[in-house]
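Chain by chain, the residues:
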Amino acid sequence: MMKKSLRILVVDDDIDNAHSLAELFEIEGHDAMIVHSGEAAIAAHLAEHFDLAFMDVMMPGLNGVESFLRIRQMRPHAKVFMMTGYSVEELLQQAVQHGALGVLNKPMDADAVLKMVNFIGANGLMVAPSFGSNYSEILQKMISATGQRCQIINSPQTTPLVANSEEVLILDLKTSLIDSVGVRNRLCQTGHEHPTIIVTPPALHAETGHDALRDMTVTGVLNKPFDPMVLLNSLEILAA
C-alpha cells in the first residue's frame, strides 16, 4: 500500500541540513518546501497548508520557539516539531520569557509541591509528567489543602476565573508539552498570569525504541541527533 504523500515544511538556517532533510522526504515521495528563517516559516504558513513542519530552534531573527508560537496563533492545528540539541527543559526556558522553571517528579508530597510553586513565582512555569489519569486532581487537592487557590484547565478555550492572581493553574490538556506552553503564553498575553503547572501525558513507547523520537508526540521536540530513517517511518503517525 502506497504511503500518503505529505506536504512538509523544513525550517533551518543551516542550508546543508535543510536540503539533506528535504531530499530525504522527497526520495520517499513527499513534497518538501525549504525556508531558512522563522519569518519565512510564518509567511509560508500564511500562504498555504502543510501536513507537517520541522523547525530548528536556533536561528537568527525569530528563533524556532517564537516562530512556533506565532504560527500556532494563526494556524491552531498546525503540526510543528522543534529540532534541537537542547533538552526539553532548556527549550522551555526559551519559551518562557519571565519566571523560573521547575520539573516536578516522583516521589512527591504537599510540601514539595508548595515549595516548587513558591520557587517558580507568580509568572513561573512547572512541568509535571503525569503518573495516572487523576494526577491533576491529586495535585489540586494537595495545593488546595494548604489554603492556596488552584484551578484545573482541561481545554485550550477555558479562561481562568480570576486574572492577575496568585491562584495556581494546572494545565492538563492531554496534548504535547510545546502546545501546552503555547496555550499558557496566550493566557499570559490576555492578562492571566499565574503560577502554572503543565501536566504532560505519559510518554508514548515507540516500537522503534529510538531515544530521539520516543517522546516526540508528547513533547513536540525532536532532539538531535536523530535517525532520519526512523523519522521517515513515523511521518504518517505524526501527521495523523
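Residues numbered from 1 in each chain as written. Predicted model: local features only at pLDDT ≥ 70, side-chain atom pairs only at ≥ 80, totals over all residues. Heavy atoms only, no water.

## Quick notes on the confidence of the model for the protein
When pLDDT is averaged along the protein, the result is 80, and 81% of the positions lie at 70 or above. The model gives residues 204-210 a pLDDT under 50, and that stretch makes eleven contacts with residues more than four places away or in other chains. (pLDDT = per-residue confidence, 0-100. Contact = heavy atoms within 4.5 Å.)

## A closer look at the packing of aromatic side chains
Evaluation of the coordinates by the stated rule reveals two aromatic pairs. Between Phe 54 and Phe 81 the ring centres are 5.9 Å apart and the planes differ by 25°, which places this aromatic pair in the stacked class. In this pair, Phe 54 sits in strand 3 (residues 52-56) while Phe 81 sits in strand 4 (residues 80-84), placing the two residues 27 residues apart along the sequence. Residue classification places Phe 81 among the buried residues on the basis of a relative accessible area of 9%. The rings of Phe 25, Phe 54 and Phe 81 are connected pair by pair, giving a single aromatic cluster. (Phe/Tyr/Trp six-rings, centres within 6.5 Å; stacked < 30°, edge-to-face > 60°. Helix = DSSP H or I, 4+ residues; strand = E, 2+ residues; numbered from the N terminus. Buried < 20%, exposed > 50% of the residue type's maximum accessible area, 1.4 Å probe, protein only.)

## Structural notes on the sheet that holds strand 10 (residues 221-223)
Reading across from one edge, 2-1-3-4-10 is the order of the five strands in this open sheet, with parallel pairing throughout. Pairing within the sheet leaves two strands with one partner each, and these edge strands are strand 2 (31-35) and strand 10. When the angles between neighbouring strand axes are averaged without regard to direction, this sheet yields 20°. Here five bridges tie strand 1 (residues 7-11) to strand 2, and the two strands are oriented parallel to one another. (Pairing = 2+ DSSP bridges. Axes fitted to C-alpha atoms, helices over the stretch in contact; angles between N-to-C directions.)

## Observations regarding the pattern of salt bridges
Under the counting rule described, the total for this entry stands at six salt bridges. A salt bridge links Asp 51 to Lys 4, with the shortest nitrogen-to-oxygen separation between them at 4.0 Å. Of the two residues, Asp 51 is situated in the loop between helix 2 (38-47) and strand 3 and Lys 4 in the segment before strand 1; the sequence distance between them amounts to 47 residues. Asp 172 is the salt-bridge partner of Lys 174, the closest N and O atoms lying 3.1 Å from each other. A relative accessible area of 57% means that Lys 174 is categorised as exposed. Through salt bridges that share partners, Arg 7, Asp 31 and Glu 48 make up one connected network. (Salt bridge = Lys/Arg side-chain N within 4 Å of Asp/Glu carboxyl O.)

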